[in-house]
Each structure stands twice: as C-alpha cells, then as structure tokens.
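The lines below spell out each chain.
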Amino acid sequence: MLRNLTIRDFVIVDRLELEFEAGFGALTGETGAGKSILLDALGLALGGRGEAAMVRQGCERAEVSAEFDLPAAGELLDWLREQALPTDDGALILRRTLDAGGRSRAWINGSSVTLAQLRCAGEWLADIHGQHAHHALLRADAQRALLDAHAGALPLASEVARCHREWQRLVRLRREAEADSENSARERELLAWQLRELDDLGFDPAEWQEINAEHGRLAHAAGLIEGAEETLVALAEGDGAVCSVLRHVDARIAALADYDPTLADVRDLLAAAAIQADEALHALRRYRDRLDLDPGRLAEVEQRIAAVLDMARKHRVAPEALGELRQQWQARLEALEASADPQRMAVAEAEARRRFDAAAAELSACRAPAAQRLSAEITEAMQTLAMAGGRFEVALEACEPSANGVETVEFRVAANPGQALRSLAKVASGGELSRIGLAIQVMTSRDSAVPTLIFDEVDVGIGGRVAEIVGTLLARLGADRQVLCVTHLPQVAACADWQWRIAKREHDGATVSEVVALGASERVEEIARMLGGVNITATTREHAAEMLNRS
C-alpha cells in the first residue's frame, strides 16, 4: 500500500509530505483547493504523463516521491530482480522530477530508470480511476479492454492481435506476389546474380582484417628490415652495444655490492635490465629472420584488396559491410522465392490462420464466463444504486475475424423494469451512466490484485441514498486494500476510515495547497460544511455527527 507521498513545487503545492493509512480514506475540500492535484502528483510518480505546466510558477522543477510497501513475493518482486533494481528494505520508492522545460527523470529505490520502467512498476502498485472514467465506457475498445482485464485475458488478447497481424501479413504477401509475379521474377534473377558475384569474390570479414595487416607489413618490409637491423646493431653488434654495456656495468656494480650491501637494489635493477635487453635482442632477431621482401606476394595482396574495394564501391557500402549485405540479399531472395511458390505461401498462410483461430478460440473461452460474471455483478449492484429492476449485460456477438478476436463486446443496459436491453452508449442518461460506471469500476477493482485503489470524483452525478450506498461499497473495498477517494459527497466521506481536508491559503503572496488530517471533531465540522455550505448550524453538525456514527 501507499505509505508516503512527498511533493515539491507541483502546480500550487509548494511542500507536502503525507503519511497514508490503510483502509478507506476520503480527501475533501472546496472545489479548486487541490484535491485532484494530489492524485495528479501521485500519477506522475507512477509514470503518468508530465507537462511543463505542472511545475509551480517561478520554480525550476517539480519533484514527487511515493513510497509503497514491497510485497515479500510476487510478480513485482520478480520483475524488480530481473531489472537489477534494489529490493532490500521491504519498501519501494518511486521518484520523478519534472523541469520547467518539460524534461523528466525517474528513479526506483534510488536507481535511475526509464519512464517505461517506472510506469510498469506503477501498474502493480496503484490503479487510478479518473472522474470522467465512466465516459470511456461508451467506447467499444474500452468495453472490450475492461472485459479482458476482468477475465485476466489481456496477454491472450495481445497474442490474438499478434497472430492476426502475422496472418494478414502473409495474406498481403500472397496477393502482392500474385499481382507482381513478373517484377518478382526479375528481382529474383538480379539477386541470384549478385549473390553469385559476391560468392565468387569469397569475401570474409576476418580475412579482410588479416590481408590489410599483411599488406601493411609487405608494403613497408624494406623499412621494417632496415629498422630491425639498426636496432640489432645498437643492442649487440656495434661499438658500445647496449647488451654488452649492461652486462659490464651489472658485473661492476655486483663487485661493488660486496663492499656496500646498499647497492644491492641497484644491482637488481641493472640485472633485470640486462635480461630484458637480451630477450629483446633474441625476439628482434627472430622477427628479422621472418621478414621477407616479396614483391610477388605484395602484388597478390594488392590485387585482392582492389577486388574487395571495387565490389564495395559498386554496391555503395563499406568493405566490412559486404557480409551483412549478402545476408540481406539472401533473406530477400528467400522471401521472393517463397512468394513465387503458391503452394508454399498457401501452407504458410493456412498455418498462420490456424494459430490465429486457436488463440481466438481460447480468448473467446475466457471472455464468455467473465461476461456472465460481470453481467450478474453489475446487475446486482444496480439494484442498490436507485436502478431497481434494471439489468446489465456484456453481450458477445460473433463477427468477422479481426485483431480483437472473433466476437464484438458491447455493454447493454435496461435502466428500468420491462425495458429491453440496449447499447449503453445509446440509452444511458448522464446520471445512470455515472452510477453504472461507478458500479463497473468498483466491481472490477474488487478482483484486482493492485493494493491501492484511487477514485477521483467518480461519484459525480449521484447523491442522497445512492451516495451512501457508494460510500458503503468503497468502505467494503477498503476492508482488504487501501482505497483513496476524492469526493464532494458527505455521504461518501462519512463512510471513510480516515479523512483529509485540502484547502488553499496565501503564503508569501502566492496561493498554495495544504492538507490537514482530521480528527473526530474536525470530521464533524468538515461533513457539516459539505452538508450545509456557508452557514453551518447546530442541526447541521448533529446531522454530520449522526452520519459519522451510523457509518
């Protein structure tokens, strides 16, 4: 669960450090006080989109840090280990900075990470339901994604989409081959000729390096021999040869060391130098004996290098890239040959279709029972949300194969008894949509493994008894996980285990947001404010206290 949230210079927040509790917490306050800003800051720490406008005016950068409990085992821990991220102290700290230019950086437990890594970790930690989330339910893609998530079939849905893309790719290749067989034949002929030409050259990257090194030796053989001879003379064969001098002074110092032992270190250094000079002498003699002036071999090497360079220039690549070029030609030729073989293409296309059909059938088998469960759960929830007798159905209708499977997903609703089920997008009023959307979010969140659920004014458009029921639903969710809810409804706030009030104040000529954790008496005052507005009477306070006691 979320333990701590630290915010600096974010929108109208200058400095905030918040300690969170378990259970159901309500965030309340006047409109514009900054309630949703806190959730936006948390969303930034979880890998959400950052914009330069989020940086508080006059500041260089905004910074948000969120600390979560780290489960002792599970997919998140496995993922962190795969990414080589620290997992030692049982906590997970996500940190994000955003500068005034819109550039951001991210860290997990102090280690720098990409935004994609931060977002991936965040998906295991918290799930944010925005205040307009119910409007997304009108889109077919959102309905399908919600059902697949409820069924635990999102990876399978991705596999179906991948199989469909591969199948359609092969279909497209077959059709293109049928329409362009003459051009394909010419290209195959050209590629085959180019491959034969390159094979005749016999280019090998390792041989290319060796032959260039050999050319350097052969081209400078005279200079190498002359230099080697000159060095040999200096070492052993001329007047004042280095090796002879070193042996002489070594023997002289050895004799002196018999009288003064402090010269032993000097003697050791001279002895080592004499040994190394002798080793250099023998190595240089062997090198000189191997050197050879061979004009014939030099001509052969230069001819080979010229042939490789000519081939590279012909195809406008570096000589080192000829091997890669051959692989590209070979792959293209194999693809063209495959496309020129109708039977081979038909077999590949049929196999891709078989894989798609198998994956789509598995996806359908997951969707059907999940659709029945979700239909029953939402229908049951509607009975308590002032929609008694209403029905909800997740309809699956067979359709032509697509990247989404072999059925369409449509949410249908009958808001009143006796009405026929019709598309949610066509029949739900604003208030009905808010209630149905909230029911869907609560029910699907109940099955989620995410430990922290956040609802940002999702109760817009409801009130009265329905609001109290919504508060009860959120309180039930809070029994086994952490639930945070930004709300304007006193009925919802009264059901919370704990409550914060968010307000604006003036500080050094600037407007900033502050958060106050409310005690029992302060909660009465805040619920009374939410009930009564500006003028709070004793009766309003009694009503607020009664609501809290009843909850």
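In the block above lies the structure referred to throughout.
This is a predicted model, so every value here is computed, not measured.

Asks: Give me the overall build of the protein chain: which residues, what numbers.
Replies: If you tally the helices and strands in the protein chain, you get 20 helices and 15 strands. Relative to its 551 residues, the protein chain shows a buried fraction of 42%. Contacts spanning at least 24 positions in sequence make up 68% of the contacts within the protein chain whose residues lie at least 6 apart. Total accessible area computed for the protein chain in this model is approximately 28800 Å², and 51% of it derives from carbon and sulfur atoms.

Asks: Describe the pattern of salt bridges, with residues and values.
Replies: What the rule picks out here adds up to 29 salt bridges. Among the salt bridges present, the one from Glu351 reaches Arg354, with a minimum N-O distance of 2.7 Å. You can see Glu351 and its partner Arg354 sitting in helix H14 (residues 342-384), three residues apart, about one turn around the helix. Note on Glu351: relative accessible area 31%, which makes it partly exposed. For Arg354, a relative accessible area of 46% corresponds to the partly exposed category. One salt bridge in this structure joins Arg353 and Asp357, with 2.9 Å as the shortest N-O distance. Highlighted residues: Arg353 and Asp357, both in helix H14, separated by four residues, approximately one helical turn. Its relative accessible area of 32% is what places Asp357 among the partly exposed residues. One salt-bridge network, held together by shared partners, links Asp9, Arg15 and Arg56.

Asks: Give a description of the environment of Gly90 that names residues and reports values.
Replies: With respect to the element layout, Gly90 can be found in the loop between helix H2 (75-82) and strand S5 (91-99). Given a relative accessible area of 37%, Gly90 falls into the partly exposed group. Residues Gly90 and Asp69, spaced 21 residues apart in sequence, show a C-alpha to C-alpha distance of 6.4 Å. Once residues within four sequence positions are removed from consideration, Gly90 is found in contact with Phe68, Asp69 and Leu70.

Asks: Account for the sheet that holds S5, naming residues and giving values.
Replies: Pairing is antiparallel in the open sheet, where six strands are placed in the order S2-S1-S4-S5-S6-S7. The open sheet has two free edges, formed respectively by strand S2 (13-19) and strand S7 (111-113), since each of these has just one partner strand. Neighbour to neighbour, the strand axes of the sheet diverge by 15 degrees on average, direction disregarded. Looking at chain direction, strand S6 (residues 104-108) and S7 are connected through three bridges and run antiparallel. Looking at S7, one finds that Ile108 is bridged to Ser111.

Asks: If you had to explain the packing of aromatic side chains to someone new, which residues and values would you point to?
Replies: For any pair of aromatic rings, the description consists of the separation of the ring centres together with the inter-plane angle of the planes. Tallied over the entire structure, the rule returns seven aromatic pairs. A ring pair is formed by Phe392 and Phe411, whose centres lie 5.3 Å apart and whose planes are at 65 degrees; its orientation type is edge-to-face. Here Phe411 lies in strand S10 (residues 405-414) and Phe392 lies in strand S9 (residues 391-402), a separation of 19 residues in the sequence. A relative accessible area of 0% places Phe411 in the buried class. Relative to Trp500, the ring of Trp498 lies with its centre 5.1 Å away and its plane at 55 degrees, an arrangement referred to as tilted. Residue Trp498 shares its accessibility class with Trp500, and that shared class is buried. Members of the aromatic cluster, each reached through a chain of ring pairs, are Phe20, Trp498 and Trp500.

Asks: Any chance you could break down the side chain of Glu63 for me, citing the residues and the numbers?
Replies: Within the secondary structure, Glu63 sits in strand S4 (residues 61-69). Looking at Glu63, its side chain comes within polar contact range of the side chain of Arg95, at 2.9 Å. Excluding residues that lie within four positions of it along the chain, Glu63 makes contacts with Thr6, Ile7, Arg8, Arg95, Arg96 and Thr97.

Asks: Break down the sheet that holds S9 for me, citing the residues and quoting the values.
Replies: Note on sheets: strands pair through backbone hydrogen bonds, and any given pair is parallel or antiparallel. If you trace the three strands from one edge of the open sheet to the other, you get S9-S10-S11, paired in antiparallel fashion. Edge positions in the sheet fall to S9 and strand S11 (422-423), since each has one partner strand and no second. As judged from the two bridges shared by S10 and S11, these two strands associate in the antiparallel manner. Residue pairing in the sheet places Arg412 in a bridge with Ser423 of S11. Contacts from helix H5 (residues 140-150) reach S9 and S10 within the one sheet, and its direction differs from that of S10 by about 100 degrees.

Here is what the cut-offs are and how they apply
- Residues numbered from 1 in each chain as written.
- Predicted model: local features only at pLDDT ≥ 70, side-chain atom pairs only at ≥ 80, totals over all residues.
- Heavy atoms only, no water.
- Helix = DSSP H or I, 4+ residues; strand = E, 2+ residues; numbered from the N terminus.
- Buried < 20%, exposed > 50% of the residue type's maximum accessible area, 1.4 Å probe, protein only.
- Contact = heavy atoms within 4.5 Å.
- Areas by Shrake-Rupley, 256 points an atom, 1.4 Å probe, with all protein chains shown as cover.
- Salt bridge = Lys/Arg side-chain N within 4 Å of Asp/Glu carboxyl O.
- Pairing = 2+ DSSP bridges.
- Axes fitted to C-alpha atoms, helices over the stretch in contact; angles between N-to-C directions.
- Phe/Tyr/Trp six-rings, centres within 6.5 Å; stacked < 30°, edge-to-face > 60°.
- Polar contact = N/O pair within 3.5 Å; in protein donor to acceptor, adjacent residues only side chain to side chain.

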